[in-house]
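The primary structure of each chain is shown beneath.
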Amino acid sequence: MKNRKTLSGSSRRQFLSDISKAVLISSAATLPGNILSASALSKSIIGKEENDLKQIEEWIANKEKPLKWIFTGDSITQGAKHTLGKRSYPQIFEERIRFEMSRGRDFVINSAISGNTTKDMLNDFNWRVAQFRPQIISLMIGTNDAAVIRNISLNSFDNNLRMLIEKFRKLQAIPILQ
């Protein structure tokens, strides 16, 4: 295909660096009056960040093996409410991975649902994630858990998030927390 723009050199390294930052995330999820550090969570139950990053880099380099990427979470990931008719971040990611990185056989699946909490994700896990047997799962969730009207404690959120990550690992998928 003529004039096809693909990532190479520094652009490709930047894209891998962006994925690295997501895998080794150190942002925090804020709940009323409390802060749960994602990096502390990752050290206590993920513990594989460096190996995860190396694995993702190897998978991306091997264009013969298609990958399944799941993006899941709440309305921010779903994109229906907050994008005002523009593309959601999973759609932008799909364009970058499938076109710019020439991984046209990869599947990028957005199973996020507006209004969902970590408990909703756990209850619907098999339908929204497990059936696809993904290699990589990007999870952005917590906004609805933090809503005062939901009355979800920090402890419940923490337990639910840990259970989700354990379920991701049981699928042999690499979790990316955002």
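This text goes with the structure placed above it.
Below or above, wherever it landed, is the structure these notes cover.

Quick look at the packing of aromatic side chains now. All chains considered together, the criterion is met by four aromatic pairs. Plain terms: the ring middles of Phe71 and Tyr89 are 5.8 Å apart, the flat faces sit at 75° to each other, and that makes the pair edge-to-face. Of this pair, Phe71 sits in strand E3 (residues 68–73) while Tyr89 is found in helix H5 (residues 89–100), placing the two residues 18 residues apart along the sequence. Look at Phe71 and you get buried, because its relative accessible area is 5%.

So, about the environment of Lys63. Locating Lys63 in the fold gives a position in the loop between helix H3 (49–61) and E3. Judged by relative accessible area, which is 38%, Lys63 ranks as partly exposed. Between the alpha carbons of Lys63 and Arg103 there is a distance of 6.1 Å; along the sequence they are 40 residues apart. A distance of 3.3 Å separates a polar side-chain atom of Lys63 from the backbone oxygen of Met101.

A word on the side chain of Asn144. Within the secondary structure layout, Asn144 lies in the loop between strand E5 (136–140) and helix H8 (154–170). A distance of 2.9 Å separates a polar side-chain atom of Asn144 from the backbone oxygen of Asn116. If sequence neighbours within four positions are ignored, Asn144 has contacts with Asp74, Gly115, Asn116, Thr117 and Arg150.

This part covers H5. Every α-helical turn comprises 3.6 residues, leaving residues that sit three or four positions apart pointing alike. Compared with an ideal rise of 1.5 Å per residue, which puts 12 residues at 16 Å, H5 spans 15 Å between its outermost C-alpha atoms and is within 8% of the ideal. Here H5 has its buried residues at Pro90, Phe93, Ile97 and Glu100. In a view along the axis of H5, the buried residues occupy a sector of 155°, so they form one face of it. Two residues or fewer past H5, Ser102 is found with a positive phi of approximately 55°.

Structurally, Lys170 can be placed in helix H8. Lys170 sits 40 residues away from Ala130 along the chain, and the two C-alpha atoms are 9.7 Å apart.

Counting residues in hydrophobic clusters, the biggest one holds 18 residues, and the most contacted among them are Phe125, Val129, Ile137, Leu139, Leu164, Phe168 and Leu171. With five residues, the top contributor of residues to this core is H8. What Ile137 contacts, discounting residues up to four positions off in sequence, is Ile70, Thr72, Val129, Phe168, Leu171, Ala173, Ile174, Pro175 and Ile176. Ranked by size, the runner-up nonpolar core spans 13 residues in total, among them Ile56, Phe71, Val108 and Ile174.

Within the fold, Ser138 resides in strand E5. Separated by 2.3 Å, the side chains of Ser138 and Gln178 make a polar contact. Ignoring any residue separated from it by four or fewer positions in sequence, one finds Ser138 in contact with Ile70, Phe71, Thr72, Tyr89, Ile176 and Gln178.

A word on H3. Here H3 is 13 residues long and its end C-alpha atoms lie 18 Å apart, about the 18 Å a rise of 1.5 Å per residue gives. Taken as a whole, H3 has its buried residues at Glu49, Asp52, Leu53, Ile56, Trp59 and Ile60. One side of H3 holds all its buried residues, which, seen down the axis, span an arc of 130°. Exposed residues on H3 whose side chains face more than 90 degrees from its buried face are Glu50, Asn51, Glu58 and Ala61.

Moving on to the pairing of E5. When you tally the buried positions in E5, you get five out of five residues, the bulk of the element. Side chains Ile136, Ser138 and Met140 project from E5 onto one buried face, and the interleaved Ile137 and Leu139 project onto a second face that is buried too. When E3 meets E5, the two strands line up parallel, connected through five bridges. Its bridge partner being in E5, Trp69 is matched across the sheet by Ile136. Relative to strand E6 (residues 174–177), E5 runs parallel, the two sharing four bridges. Across the sheet, residue Ile137 finds its bridge partner in E6, namely Pro175. For the crossover from E5 across H8 to E6, the handedness is right-handed.

So, how was this worked out
- Residues numbered from 1 in each chain as written.
- Predicted model: local features only at pLDDT ≥ 70, side-chain atom pairs only at ≥ 80, totals over all residues.
- Heavy atoms only, no water.
- Phe/Tyr/Trp six-rings, centres within 6.5 Å; stacked < 30°, edge-to-face > 60°.
- Helix = DSSP H or I, 4+ residues; strand = E, 2+ residues; numbered from the N terminus.
- Buried < 20%, exposed > 50% of the residue type's maximum accessible area, 1.4 Å probe, protein only.
- Polar contact = N/O pair within 3.5 Å; in protein donor to acceptor, adjacent residues only side chain to side chain.
- Contact = heavy atoms within 4.5 Å.
- Expected span 1.5 Å × (residues − 1).
- Arc of directions from axis to C-beta.
- Core = buried A, V, L, I, M, F, W, Y, C linked by side-chain atoms within 4.5 Å.
- Pairing = 2+ DSSP bridges.
- Right-handed = clockwise from strand over helix to strand, strands pointing away.

All quantities given are derived from atomic positions and should not be read as evidence of function.
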